[in-house]
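These are the residues of each chain, in order.
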Amino acid sequence: MKKIEAIIKPFKLDEVKEALQEVGLKGMTVTEVKGFGRQKGHTELYRGAEYVVDFLPKVKIELILDDDLVERAVEVIQTAAKTDRIGDGKIFVYDVIEAVRIRTGERGGEAL
(Lines give C-alpha, C1' and ligand atoms only; values in the text may rest on other atoms or scores of the structure.)
Protein backbone atom coordinates (compact mmCIF):
# COMPACT_ATOMS: atom_id res chain seq x y z
CA MET A 1 0.00 0.00 0.00
CA LYS A 2 1.03 3.59 -0.63
CA LYS A 3 -0.01 6.99 0.66
CA ILE A 4 -0.26 9.84 -1.83
CA GLU A 5 -0.13 13.39 -0.52
CA ALA A 6 -0.82 16.12 -3.03
CA ILE A 7 -0.58 19.84 -2.30
CA ILE A 8 -2.61 21.72 -4.91
CA LYS A 9 -4.28 25.07 -5.58
CA PRO A 10 -7.68 25.24 -3.85
CA PHE A 11 -9.69 25.97 -6.99
CA LYS A 12 -8.43 22.72 -8.57
CA LEU A 13 -9.88 20.48 -5.83
CA ASP A 14 -13.14 19.64 -7.59
CA GLU A 15 -11.37 18.73 -10.84
CA VAL A 16 -8.91 16.47 -9.00
CA LYS A 17 -11.70 14.83 -6.97
CA GLU A 18 -13.77 14.10 -10.08
CA ALA A 19 -10.76 12.74 -11.97
CA LEU A 20 -9.87 10.41 -9.07
CA GLN A 21 -13.47 9.18 -8.85
CA GLU A 22 -13.45 8.37 -12.58
CA VAL A 23 -10.37 6.18 -11.99
CA GLY A 24 -12.29 4.36 -9.24
CA LEU A 25 -10.79 5.77 -6.07
CA LYS A 26 -13.43 5.98 -3.38
CA GLY A 27 -12.03 7.92 -0.43
CA MET A 28 -9.70 10.77 0.36
CA THR A 29 -8.94 13.24 3.12
CA VAL A 30 -8.74 16.93 2.29
CA THR A 31 -7.17 19.59 4.50
CA GLU A 32 -6.89 23.33 3.96
CA VAL A 33 -3.24 24.29 4.46
CA LYS A 34 -0.95 27.26 3.88
CA GLY A 35 2.58 27.25 2.56
CA PHE A 36 5.06 28.41 -0.02
CA GLY A 37 7.78 27.03 -2.24
CA ARG A 38 9.45 28.69 -5.18
CA GLN A 39 6.41 30.93 -5.44
CA LYS A 40 7.52 32.70 -2.22
CA GLY A 41 4.22 34.50 -1.74
CA HIS A 42 3.32 37.96 -2.98
CA THR A 43 2.79 41.55 -1.85
CA GLU A 44 -0.71 42.96 -1.29
CA LEU A 45 -2.06 46.41 -0.54
CA TYR A 46 -4.58 46.72 2.34
CA ARG A 47 -5.97 50.12 3.36
CA GLY A 48 -2.99 51.85 1.87
CA ALA A 49 -0.42 49.65 3.62
CA GLU A 50 1.68 47.14 1.74
CA TYR A 51 2.29 43.75 3.31
CA VAL A 52 3.76 40.42 2.27
CA VAL A 53 1.60 37.30 2.06
CA ASP A 54 4.22 34.56 2.23
CA PHE A 55 1.97 31.64 3.21
CA LEU A 56 -0.43 31.01 0.35
CA PRO A 57 -3.65 28.98 0.72
CA LYS A 58 -3.37 25.43 -0.62
CA VAL A 59 -5.28 22.16 -0.28
CA LYS A 60 -3.67 18.88 0.82
CA ILE A 61 -5.24 15.68 -0.48
CA GLU A 62 -4.32 12.38 1.17
CA LEU A 63 -5.09 8.95 -0.31
CA ILE A 64 -4.14 5.44 0.75
CA LEU A 65 -4.32 2.88 -2.05
CA ASP A 66 -3.01 -0.42 -3.35
CA ASP A 67 0.34 -0.34 -5.14
CA ASP A 68 -1.18 -1.14 -8.55
CA LEU A 69 -3.27 2.08 -8.52
CA VAL A 70 -0.51 4.49 -7.51
CA GLU A 71 0.93 5.43 -10.91
CA ARG A 72 -2.50 6.03 -12.44
CA ALA A 73 -3.60 8.15 -9.44
CA VAL A 74 -0.43 10.28 -9.65
CA GLU A 75 -0.99 10.86 -13.38
CA VAL A 76 -4.62 11.83 -12.84
CA ILE A 77 -3.78 14.27 -10.02
CA GLN A 78 -0.97 15.83 -12.04
CA THR A 79 -3.18 16.30 -15.11
CA ALA A 80 -6.19 17.66 -13.21
CA ALA A 81 -4.22 20.02 -10.94
CA LYS A 82 -1.95 21.48 -13.62
CA THR A 83 -2.32 25.15 -14.60
CA ASP A 84 1.18 25.59 -16.11
CA ARG A 85 1.85 28.38 -13.60
CA ILE A 86 4.19 28.53 -10.65
CA GLY A 87 2.61 27.19 -7.45
CA ASP A 88 0.72 24.28 -9.01
CA GLY A 89 1.89 22.10 -6.11
CA LYS A 90 3.62 18.81 -5.38
CA ILE A 91 2.78 15.11 -5.13
CA PHE A 92 4.48 12.84 -2.59
CA VAL A 93 4.24 9.03 -2.41
CA TYR A 94 4.99 7.12 0.82
CA ASP A 95 5.00 3.45 1.82
CA VAL A 96 2.20 2.42 4.19
CA ILE A 97 3.02 -0.48 6.49
CA GLU A 98 -0.48 -1.27 7.75
CA ALA A 99 -4.09 -0.09 7.59
CA VAL A 100 -6.84 -1.15 9.99
CA ARG A 101 -10.57 -0.40 9.69
CA ILE A 102 -11.61 0.48 13.22
CA ARG A 103 -15.23 -0.68 12.92
CA THR A 104 -14.54 -4.20 11.57
CA GLY A 105 -10.88 -4.85 12.33
CA GLU A 106 -10.13 -5.52 8.64
CA ARG A 107 -6.46 -5.06 7.78
CA GLY A 108 -4.34 -4.21 4.75
CA GLY A 109 -6.04 -3.68 1.41
CA GLU A 110 -9.37 -4.89 2.79
CA ALA A 111 -9.40 -1.94 5.21
CA LEU A 112 -9.24 0.55 2.38
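This text follows the structure it describes.
Summarised in this report is the structure supplied together with it. Predicted model only: the values in this text are computed from it and were never measured.

### With respect to the pattern of salt bridges
Here the structure, examined in full by the defined rule, presents 9 salt bridges. A salt bridge links Glu 98 to Arg 107; the shortest N-O distance between them is 3.4 Å. For Arg 101, the salt bridge identified is with Glu 106, shortest N-O distance 2.7 Å. For Arg 101, a relative accessible area of 28% puts it in the partly exposed group.

### Describing helix 2 (residues 70-81)
End to end, helix 2 covers 16 Å across 12 residues, agreeing with the expected 16 Å (1.5 Å per residue, within 8%). Among the residues making up helix 2, those that are buried are Val 70, Ala 73, Val 74, Val 76, Ile 77, Ala 80 and Ala 81. Looking straight down helix 2, one finds its buried side chains confined to an arc of 165 degrees; they lie on one side. Looking at helix 2, the residues exposed on the side facing more than 90 degrees away from the buried face are Glu 71, Gln 78 and Thr 79. Against the buried residues of helix 2 lie strand 1 (2-8), helix 1 (13-23), strand 5 (56-65) and strand 6 (89-95).

### With respect to the sheet that holds strand 1
As summarised here, the arrangement of the 4 strands in space is 2-5-1-6, forming an open sheet in which the pairing is antiparallel. The open sheet has two edge strands with one neighbour each: strand 2 (29-35) and strand 6. Adjacent strand axes in the sheet meet at a mean angle of 20 degrees when their direction is disregarded. Sheet analysis places strand 1 next to strand 5, joined by 7 bridges and oriented antiparallel.

### Here's the deal with the environment of Lys 12
Within the secondary structure, Lys 12 sits in the loop between strand 1 and helix 1. Judged by its relative accessible area of 9%, Lys 12 falls in the buried class. C-alpha separation for the pair Lys 12 and Ile 77, spaced 65 residues apart in sequence, amounts to 9.8 Å. Aside from chain neighbours lying at most four places away, what touches Lys 12 is Ala 80, Ala 81, Lys 82 and Thr 83. One polar contact links the side chain of Lys 12 to the main-chain carbonyl oxygen of Ala 80, over a distance of 3.3 Å.

### A closer look at the pairing of strand 1
Strand direction decides the pairing type here: strand 1 and strand 6, joined by 7 bridges, are antiparallel. If you follow Lys 3 over to strand 6, its bridge partner there is Tyr 94.

### What about helix 1?
Among the residues of helix 1, Leu 13, Val 16, Ala 19 and Leu 20 are the ones counted as buried. For helix 1, the arc enclosing every buried residue in end-on projection is 135 degrees, short of the 170-degree limit, so these residues lie on one face. Lining the buried residues of helix 1 we find strand 1, strand 2, strand 5 and helix 2. Remark: Gly 24 follows helix 1 within two positions and exhibits a positive phi of approximately 110 degrees.

Conventions used here
Residues numbered from 1 in each chain as written. Predicted model: local features only at pLDDT ≥ 70, side-chain atom pairs only at ≥ 80, totals over all residues. Heavy atoms only, no water. Salt bridge = Lys/Arg side-chain N within 4 Å of Asp/Glu carboxyl O. Buried < 20%, exposed > 50% of the residue type's maximum accessible area, 1.4 Å probe, protein only. Helix = DSSP H or I, 4+ residues; strand = E, 2+ residues; numbered from the N terminus. Expected span 1.5 Å × (residues − 1). Arc of directions from axis to C-beta. Contact = heavy atoms within 4.5 Å. Pairing = 2+ DSSP bridges. Axes fitted to C-alpha atoms, helices over the stretch in contact; angles between N-to-C directions. Polar contact = N/O pair within 3.5 Å; in protein donor to acceptor, adjacent residues only side chain to side chain.

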